[in-house]
Amino acid sequence: MKLVIAIIKPFKLDEVREALTEIGVAGMTVTEVKGFGRQKGQTEIYRGAEYSTNMVPKIKLEIACGTDLAPRVVEAIQTSANTGAIGDGKIFVLDLGQAVRIRTGETDQTAL
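Just so it is clear, the model here is predicted, and its values are computed rather than measured. (Residues numbered from 1 in each chain as written. Predicted model: local features only at pLDDT ≥ 70, side-chain atom pairs only at ≥ 80, totals over all residues. Heavy atoms only, no water.)

## Brief notes about the overall build of the chain
Right, on to step 1. If you tally the helices and strands in the chain, you get two helices and six strands.
Right, on to step 2. Reading the chain from its N end, one meets helices and strands in the order β-α-β-β-β-β-α-β.
Right, on to step 3. For the chain, the proportion of its 112 residues judged to be buried stands at 29%.
Right, on to step 4. In the chain, once contacts between residues fewer than 6 apart in sequence are set aside, the share between residues at least 24 apart is 72%.
Right, on to step 5. For the chain, the computed accessible surface area is about 7,500 Å², with 51% contributed by carbon and sulfur atoms. (Helix = DSSP H or I, 4+ residues; strand = E, 2+ residues; numbered from the N terminus. Buried < 20%, exposed > 50% of the residue type's maximum accessible area, 1.4 Å probe, protein only. Contact = heavy atoms within 4.5 Å. Areas by Shrake-Rupley, 256 points an atom, 1.4 Å probe, with all protein chains shown as cover.)

## Focus on the layout of surface pockets
Right, on to step 1. Its volume calculated, the largest pocket comes out at about 320 Å³.
Right, on to step 2. Taken together, 15 residues form the lining of the largest pocket, with Phe-36, Gly-37, Arg-38, Gly-89 and Lys-90 sitting closest to its centre.
Right, on to step 3. Looking at the lining of the largest pocket, the elements with two or more residues in it are β2 (29–35) and β6 (89–95).
Right, on to step 4. Of the residues contributing to the lining of the largest pocket, the split by class is five nonpolar, five polar and five charged.
Right, on to step 5. In this structure, the second largest pocket spans a volume of roughly 270 Å³.
Right, on to step 6. Along the walls of the second largest pocket sit 15 residues, with Ala-26, Gly-27, Ala-64, Cys-65 and Leu-112 positioned nearest its centre.
Right, on to step 7. Top contributing element to the lining of the second largest pocket by residue count: strand β5 (residues 56–65), with four residues.
Right, on to step 8. The residue makeup of the lining of the second largest pocket, split by class, is nine nonpolar, five polar and one charged. (1 Å grid on protein atoms, 1.4 Å probe; cavity = no way out; pocket = protein on both sides within 12 Å on 5 of 7 lines; lining within 4 Å. Points joined across faces, edges and corners; volume = space filled by probe spheres on them. Nonpolar A, V, L, I, M, F, W, Y, C, P; charged D, E, K, R; others polar.)

Laid out in structure tokens, this is it:
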């Protein structure tokens, strides 16, 4: 099993969700996060005053999937979240040691 973690631009969430649904992803966790990378922050205007923020709003997706599905998940996220501009995000793939469905007690692949 794999855990795919993706950091994407907020306006790309619906596109990414649709692409993942098409390849058979049953669920994911979505979190609003803030951070920075090469973008180094952004300048915003609030009530007529300009100010800089050093953290950029992003969306963090966490998808637990089978090892065989992980490459397709990465490809779906990469193609649907790509704008070609700086700050498109990152994808991380981690090994997932164990999964348990709380309600039924199912474990590992059947719990996903």
